[in-house]
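Listed here are the chains, written in short residue letters.
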Amino acid sequence: MTTECKHLLENMTFEEFHAWSHAQDKPVVLIPLGSQEIQGPMVPMGDFMLTREVASDVARASGALAAPTLPFGYAEYFRTVPGGIALSADAFRMTLSDILDNFLDHGFTRIVILNGHSGNYPLVDMVIRDVRKRRGLLVPCINLWRSIPDALWTEMHGEFGKKAFSHGGDPVTSTYMHYFPQLTHTDRAKLPEEPGELAGLPVMGLSGVKFQGIEIGMPVNVDDRCPDGIVAGDPARSSADKGKRIAEHLVTYCTDFIAHFRETDPHTPAMKKTGK
């Protein structure tokens, strides 16, 4: 087995995977999730590539195995931009459930989801709760971009701090500049435009509008808020050095969690069916 094959399932033959799984006392399988969506004018739409790179680094560092990355997520609010590929909520839940069942059916009990698209998580939560109910097994999900602590935001962006956390800005832009500098366009960095309006009210983020200073939920699309995908923040503040720090943190954090999870029992009592 080559060095490259030791941590990526997609590079393994079935015999190599069989050998890996039997050589591990407590094998851990990583399920990387991403999206194909507008990310502003500086970086490509395929942010799943970042999850793939992080998952590969985590697998190498932790001794886990990374499954192939699911490149499409639930990103309904980005679907209006050509080039985006969004799964329906039902399709995403069913796909993730099938991926997990393929490992669970073969006895793998330590599975960790690495989610690189925050919009996936409400559906991920539904799937992993169903796994617990049906199989009595815990499947944790690490939401990568939300695993960056405030202290690191301050270290990278000073007083601007966590305000840099924005769609069209960091952490995605800096992480792209670290992993894929050849695909980034620093000359296209710009400040976000003023928010658009929907129903005569200013759009707030991608979740709703503001009325009398209070947010009201509304089905906002990204081009209602901003046609260029820069929702907030300042992508000009992004850099490859910041992306390296983000990647280092994520790999360390995920590796530490995997070490902890490997030594715990992921089984819980399956939910009992109540009779009439």
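Scroll up to find the structure.
Calculation rules
Residues numbered from 1 in each chain as written. Predicted model: local features only at pLDDT ≥ 70, side-chain atom pairs only at ≥ 80, totals over all residues. Heavy atoms only, no water. Helix = DSSP H or I, 4+ residues; strand = E, 2+ residues; numbered from the N terminus. Rg over C-alpha atoms; globule rule 2.2 N^0.38 Å. Buried < 20%, exposed > 50% of the residue type's maximum accessible area, 1.4 Å probe, protein only. Contact = heavy atoms within 4.5 Å. Areas by Shrake-Rupley, 256 points an atom, 1.4 Å probe, with all protein chains shown as cover. Salt bridge = Lys/Arg side-chain N within 4 Å of Asp/Glu carboxyl O. Pairing = 2+ DSSP bridges. Phe/Tyr/Trp six-rings, centres within 6.5 Å; stacked < 30°, edge-to-face > 60°.

**Regarding the overall build of the protein**
No. 1: Of the regular secondary structure elements, the protein holds eight helices and eight strands.
No. 2: Its C-alpha radius of gyration of 20 Å places the protein within 12% of the 19 Å reference for a compact globule of 276 residues.
No. 3: With respect to the three principal axes, the spread of C-alpha positions in the protein is 55 × 55 × 35 Å.
No. 4: When the 276 residues of the protein are sorted by exposure, 49% land in the buried category.
No. 5: For the protein, contacts bridging at least 24 residues in sequence account for 73% of all contacts bridging at least 6.
No. 6: Surface accessibility of the protein: about 13500 Å² in total, with carbon and sulfur atoms responsible for 54%.

**Describing the pattern of salt bridges**
If charged atoms from side chains of opposite charge come close, those side chains can pair.
No. 1: Following the criterion strictly, the structure yields 16 salt bridges and no others.
No. 2: Between R60 and D57 there is a salt bridge; the shortest N-O distance is 3.1 Å. One end of the pair is R60 and the other is D57, both in helix α2 (residues 48-62) and three residues apart, which spans about a single turn.
No. 3: We classify R60 as partly exposed; its relative accessible area is 49%.
No. 4: For the salt bridge of R237 with D234, the shortest nitrogen-to-oxygen distance reads 3.7 Å.

**Looking at the environment of A91**
No. 1: In this fold, A91 is placed in helix α3 (residues 89-104).
No. 2: Spatially, the C-alpha atoms of A91 and S35 are 14 Å apart, while their sequence positions differ by 56 residues.

**Focus on the pairing of strand β8 (residues 214-217)**
No. 1: Taken together, the four bridges between strand β7 (residues 208-211) and β8 define a ladder with antiparallel strand orientation. Note that in β8 the partner of G208 across the bridge is G217.
No. 2: Linkage of β7 to β8, two consecutive antiparallel strands, is achieved through a turn of two residues, within which Q212 is found at a positive phi near 55°.

**Structural notes on the packing of aromatic side chains**
No. 1: For the coordinates displayed, the defined rule picks out seven aromatic pairs.
No. 2: With 5.5 Å between their ring centres and 35° between their planes, F17 and F108 make a pair best called tilted. Pair noted here: F17 is in helix α1 (residues 14-23) and F108 is in the loop between α3 and β3 (111-115), with a separation of 91 residues, a long-range link. Each of the two residues, F17 as well as F108, counts as buried.

**Here's the deal with the side chain of S238**
No. 1: Considering the arrangement of structural elements, one finds S238 in the loop between α7 (222-225) and α8 (240-262).
No. 2: In this view, S238 contacts G169, D170, T173, S174 and M177; residues no more than four positions away in its chain are not counted.

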